2 protein chains.
Amino acid sequence: MTTYLCELAWLPPGRVASDVRIEVADGRIASVVEGASGGDDHAAGVDVQRLHGLVLPGLANAHSHAFHRALRGRTQSPADGRGSFWTWREQMYAVAGRLDPDTYLDLARATYGEMVLAGVTCVGEFHYLHHRPGGGEYDEPNAMGLALVQAARDAGLRIALLDTCYLTGGIGKPLEGVQLRFGDGDTEGWAARADALRAHEADDLVVGAAIHSVRAVPADQLAAVASWSPTAPLHVHVSEQQAENDQCRRAYGVTPTRLLHDHGVLGPRATAVHATRLGDEEVRLLGASSTSVCMCPTTERDLADGIGPARLLRDAGSPITLGSDSHAVVDLLEEARAVELDERLATGLRGAFTTAELLDAATRAGHTSLGFADAGVLAPGARADLVAVRLDSVRTAGGSVAEAADRVVFAATASDVTDVVVSGRRVVGDGHHLLLGDVARRLSGAIAAVS
Amino acid sequence: MTTYLCELAWLPPGRVASDVRIEVADGRIASVVEGASGGDDHAAGVDVQRLHGLVLPGLANAHSHAFHRALRGRTQSPADGRGSFWTWREQMYAVAGRLDPDTYLDLARATYGEMVLAGVTCVGEFHYLHHRPGGGEYDEPNAMGLALVQAARDAGLRIALLDTCYLTGGIGKPLEGVQLRFGDGDTEGWAARADALRAHEADDLVVGAAIHSVRAVPADQLAAVASWSPTAPLHVHVSEQQAENDQCRRAYGVTPTRLLHDHGVLGPRATAVHATRLGDEEVRLLGASSTSVCMCPTTERDLADGIGPARLLRDAGSPITLGSDSHAVVDLLEEARAVELDERLATGLRGAFTTAELLDAATRAGHTSLGFADAGVLAPGARADLVAVRLDSVRTAGGSVAEAADRVVFAATASDVTDVVVSGRRVVGDGHHLLLGDVARRLSGAIAAVS
């Protein structure tokens, strides 16, 4: 049993409470008591730890491509003039072509370490880099996926490994070049490998399914991926770029969202990632099916994707979740405020989302979309994920207790996260990763190895 | 004489150099030598200091309202539903109504302290809070402006005090409520007070003029402000909101930019702040007159202003500068990347601005627009402003020396600034403010005093 005495904590359904005592046993929250004095700090056999600032539930990073971290700051000033999502993709493929299970383990471990330092307690890894260069299987066909699982364990956070079906290099086009590493031939091949991976499921590992996009899985095979498991999370990139919409309409006569709907992909366990370029019907289809939408606004800025209709989607019925995706930035607080701030740019109005809604996206909704419905909230029975954010940095200082969450969401950065507990285990203390040590040095080495 | 040995430095016209020795005497850069060994570290009488990471020239924050820092995180979840720039302004006015010279000194000192920690070596303060509540003069008519000057000196950075003429509460409307504190009656009254302030000019203080906006200075008095000084910086808010454009067109039949042009406000020493909602003619007028444009993208996100046509303005001939304006965020690196990232959102393309252009906006162009044309570049004769940014944080780690500036602009945050030298004086060391001590505590106290 460990007792955490929190100066302030974010309690359901969405408010700041003072002097909160959270008792933890077996990785779960046993009790939450407000206004608790520190009187029995010294009760026999109880480990008492104080957490300063505002304690949030664990943050869920619902969309990650771990290896993209190697691209940070390397694609920004194209020597040959202006670029696009598609020219960026060529640079991304170059890194994808160089990874093997060992270098991927090192890179993902360091990337996940950066996430944990930012308060992330669970990552959804959208994983399609399955095979050897050229497409041949590794001796262990899930060597790459298992490297990601190991990386998450080493870094101290949970993982939803979203094993991604990626069969075509475009609608009606074969895989080519580095894409050969992504393919499993057909959905049976994909399912067999995913089944083997699922045998590894554990308390800290959920194996989910993913459809890379309507560009990468033919329409007549969408249902096979969707029905692989009736319970597992099911993620899919949707309408990040107009070109995808155009190709889909040319090939199938419908939008990507409509195509996914018609083949049974949408629903409460599904997450549409990006959902940037949508019309009214698509918003309605996603919302009415309770499909979650994962916004990745810092990546959507970086890749010039545009601003998705987050408020309309939420109003239509879609839970909003957040992902750092390409890891141009790893800061879920910045992702949370960016949903609201970019909505302001698009509409000219402030306050589309409340702070409570943005924190829900960053915590409970994200965890739920990754198959961890028992996490992301500070309540008895939930997984004991605690993230302490400083209120005494130059970014967060000033203002009232009642507005502490507003300051954290709108002004704090990942560097203000001081302490992180994941499933009852302290992983970050005073800004230091207690398992990995110098994460920056690990990042530097791992990136150099694949550059 | 002090010698700084820089691991990496950003040298003109825009490249990363290794092992750069910068010699400083009398607050100026005496010499810059690349590839310098540390061999004569111990030469007699020379103070040698090592700077790690990438050393940038000083950052210029070209648009600040210091007291807005008290609003951070306090206007984000409007209890009564969605808001706008105009409802935010009511909250801003409430703080403006409570300040006096003492509390303003404390608040501005702490705010400028936060800026210096972020690498800002010069602030352009757009200052209109001149008088007592109700509009009466202080015994010293420039008591508020002089408090800002003192605050900047205490915080260790230079200031361009842009003394702002604010005569009407809207076109054809008298000042009312807290606005009475802003007014000087007429341009003669404003000029007399500004003249008195200018008598205080010094090596670390430029006094410039500002026109609050076409809402606040009648058309027939614009020329009087513009001609107050033939050399001083002249700043003006332009077209931040569509409502301003609409009001201007109704009253005068032209756009704000056209009105300013017709009354002689535009030109090389002028800066149009925001310039968000512009048509083609306005871009042409600003560019052809070499008027600088100060983009404040984090504020323009926060206040739902929109995305200004930064690339078009630059191509038309306007230098781009950067400001943190409302201080929702104080991070010039974030402002720099936001210019490019928001352009991507608006256009669907990447790479409108190069990293060198963004750094120029943050450094040389900003300083020039504030009347410090001798700052913002690491070259002999320039003011000795040095800003060291870590390349070994989790945000900046990984990648090559050649791409160090890209990482700094696109991935570093203010928290990665470790050391700041302003006009040859070390003000920040290892992330600590050497003059003010605990800046966060100062912010907290100063904000509480006016809340």
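Scroll up a little and you will see the structure.
So, a few notes on the structure that sits alongside this text. (Residues numbered from 1 in each chain as written. Chains lettered and ligands numbered in written order. Predicted model: local features only at pLDDT ≥ 70, side-chain atom pairs only at ≥ 80, totals over all residues. Heavy atoms only, no water.)

## Quick notes on the overall build of chain A
Selection criterion: By definition, any uninterrupted DSSP run of H or I lasting at least four residues is a helix, any uninterrupted run of E lasting at least two residues is a strand, and each is numbered from the N terminus. Only the C-alpha atoms count toward the radius of gyration. The rule for a globule is 2.2 Å times the residue count to the power 0.38. Where accessible areas are quoted, they stem from the Shrake-Rupley method and a 1.4 Å probe; at the residue level, only the protein chains shown are allowed to cover.
Within chain A, the secondary structure is distributed over 15 helices and 16 strands. The globule rule puts the C-alpha radius of gyration for 451 residues at 22 Å, and the 21 Å found for chain A is close to it. Structurally, chain A occupies a C-alpha span of about 70 × 50 × 45 Å along its principal axes. A total of about 14200 Å² of accessible surface is found on chain A, and carbon and sulfur atoms cover 50% of it.

## A short note on the packing of aromatic side chains
Our working definition: Put simply, two rings from Phe, Tyr or Trp (the six-membered ring, in Trp's case) pair if the centres are within 6.5 Å, and we call them stacked under 30 degrees between planes, edge-to-face over 60, tilted for the rest. Consider the ring centre and the ring normal. A charge sits over the ring if Lys NZ or Arg CZ is within 6 Å of that centre and within 35 degrees of that normal.
In this structure the tally under the stated criterion is 18 aromatic pairs over all chains. Aromatic pair F85(B) and W86(B): ring centres 4.7 Å apart, planes at 80°, arrangement edge-to-face. The structure contains a cluster of three or more aromatic residues connected by ring pairs, namely F67(A), Y93(A), Y104(A), Y128(A), Y166(A) and F182(A). The ring of F353(A) is capped by R311(A), whose NZ or CZ atom sits 4.7 Å from the centre of that ring.

## Considering the environment of T121(B)
Residue and element names in this part refer to chain B. This is how it is decided: By definition, residues are in contact when any of their heavy atoms lie within 4.5 Å. Polar contacts, as counted here, are pairs of nitrogen or oxygen atoms within 3.5 Å of one another; within protein the pair requires one atom able to donate a hydrogen and one able to accept it, and residues that are adjacent in sequence qualify only if both atoms are side-chain atoms.
Of note, T121 is situated in strand β6 (residues 120-127). Once residues within four sequence positions are removed from consideration, T121 is found in contact with G58, L59, L157, R158, H367, D385, V387, V420, V421 and V422. Of the polar contacts made by the side chain of T121, one reaches the side chain of H367; its length is 3.2 Å. Only 3.2 Å separates the side chain of T121 from the side chain of D385, close enough to count as a polar contact.

## Thoughts on the sheet that holds strand β8 (residues 205-211) of chain B
Residues and elements named next belong to chain B. Definition in use: A pair of strands counts as paired when DSSP detects no fewer than two bridges linking them. Only the contacting stretch of a helix is used when fitting its axis, a line to C-alpha atoms as for every element, and angles between N-to-C directions run 0 to 180 degrees.
If you trace the eight strands from one edge of the open sheet to the other, you get β5-β6-β7-β8-β9-β10-β11-β12, paired in parallel fashion. Every interior strand has two partners, whereas the edge strands, β5 (59-64) and β12 (320-322), have only one. The sheet shows a mean angle of 25° between the axes of neighbouring strands, taken without regard to direction. With four bridges connecting them, β5 and β6 associate as parallel partners. Counted as the bridge partner of L59 is V120 from β6.

## Thoughts on the side chain of D302(A)
We apply this condition: Under the scheme applied here, a residue whose accessible area is under 20% of the maximum for its type counts as buried, over 50% as exposed, and between as partly exposed, the area being computed with a 1.4 Å probe on protein chains only.
Relative to the assigned elements, D302(A) resides in helix α9 (residues 297-302). Classification of D302(A) as buried rests on a relative accessible area of 5%. Residues within four places of D302(A) in sequence aside, it is in contact with Q76(A), A328(A), L341(B), R344(B) and R350(B).

## A few points about unusual backbone geometry
Omega for the bond connecting P12(A) with P13(A) falls within 30 degrees of zero, at 5°, which places this linkage in the cis form. With respect to the helices and strands, P13(A) occurs in the loop between β1 (2-11) and β2 (15-25). One non-glycine residue, S290(B), lies in positive phi territory at about 60°.

## Observations regarding the interface of chain A and chain B
To keep it simple, the criterion reads: By buried area we mean the combined loss of accessible area, with a 1.4 Å probe, across both parts when two parts are placed together. Take a side-chain nitrogen of Lys or Arg and a carboxyl oxygen of Asp or Glu: if they are within 4 Å of each other, that pair is a salt bridge.
Chain A puts 54 residues into the contact, and the matching count from chain B is 54 residues. In this assembly, chain A packs against chain B so that about 4700 Å² is buried in total across both faces, 54% of it on carbon and sulfur atoms. When residues of chain A are sorted by the area they lose upon contact with chain B, R82(A), L345(A) and R350(A) head the list and together hold 18% of the total. Where chain A touches chain B, the interface holds six salt bridges. The shortest N-O distance in the salt bridge between D302(B) and R344(A) comes to 3.3 Å.

## Some points on the pairing of strand β10 (residues 270-274) of chain A
All names here are of chain A. Operational definition: Here is how to tell: hold the view so the strands point away, follow the path from the first strand over the helix to the second, and if it runs clockwise the crossover is right-handed.
Within β10, five of the five residues are buried, which leaves it mostly tucked inside the rest of the structure. Both strand β9 (residues 234-238) and β10 contribute to a ladder of five bridges, which runs parallel. What sits directly across from H235, in β10, is T271. Taking the sense of rotation as the criterion, the β-α-β connection linking β10, helix α8 (residues 280-288) and strand β11 (residues 292-295) turns out right-handed.

## Thoughts on the environment of W190(A)
All names here are of chain A. Locating W190 in the fold gives a position in helix α4 (residues 187-198). On the accessibility criterion, W190 (0% relative accessible area) is buried. Measuring from C-alpha to C-alpha, the distance between W190 and W86 comes to 26 Å, with 104 residues separating the pair along the chain. Ignoring anything within four residues of it in the chain, the contact list for W190 reads D163, T164, C165, D184, A209, V225 and W228.

## With respect to the layout of surface pockets
Picture a little ball the size of a water molecule; that probe, rolled over the atoms, points out where space is still empty. Residues and elements named next belong to chain A. Spelled out, the test is: Both cavities and pockets are sets of points on a 1 Å grid over the protein atoms alone; in a cavity a 1.4 Å probe fits but cannot get out, in a pocket the set is open with protein on both sides within 12 Å along at least five of seven lines, and lining residues sit with an atom within 4 Å of a point. Grid points are joined across faces, edges and corners, and a volume is the space filled by probe spheres set on the points. Residues were grouped as follows: Ala, Val, Leu, Ile, Met, Phe, Trp, Tyr, Cys and Pro as nonpolar; Asp, Glu, Lys and Arg as charged; and all remaining residues, including Gly, as polar.
If you add up the space inside the second largest pocket, you get close to 310 Å³. What lines the second largest pocket is a set of 18 residues, among which E7, H52, G53, L391 and D392 lie closest to the centre. Elements that contribute at least two residues to the lining of the second largest pocket include exactly β1, β4 (47-56) and β14 (417-422). A per-element tally of the lining of the second largest pocket places β4 first, with four residues. Here the lining of the second largest pocket is built from residues that sort into four nonpolar, seven polar and seven charged.

## Examining the relation of the copies chain A and chain B
The test is simple: Copy-to-copy alignment: least squares on C-alpha atoms, limited to residues at pLDDT 70 or above in both.
Of the transformation superimposing chain A on chain B, the axial component is 0.0 Å and the angular component is 180°, with the fit at an RMSD of 0.0 Å. Overall, the copies show the geometry of a two-fold rotation axis. Proximity to the rotation axis, assessed at the C-alpha, singles out S415(A) in chain A; its C-alpha lies 3.6 Å from the axis. Take the interface residues of chain A: 100% of them recur as interface residues in chain B, which is what a same-surface contact looks like.

## Looking at α8(A)
Note: α-helices contain 3.6 residues per turn, so residues at a spacing of three or four share the same orientation. All names here are of chain A. All buried positions along α8 are accounted for by E282, V283, L285, L286 and G287. Structurally, α8 contributes buried residues whose contacts are with α7 (256-262), β10, β11 and α10 (310-316). Downstream of α8 by one or two residues, S290 has phi in the positive range, about 60°.

Fair warning: the whole summary comes from geometry, so function is off the table for now.
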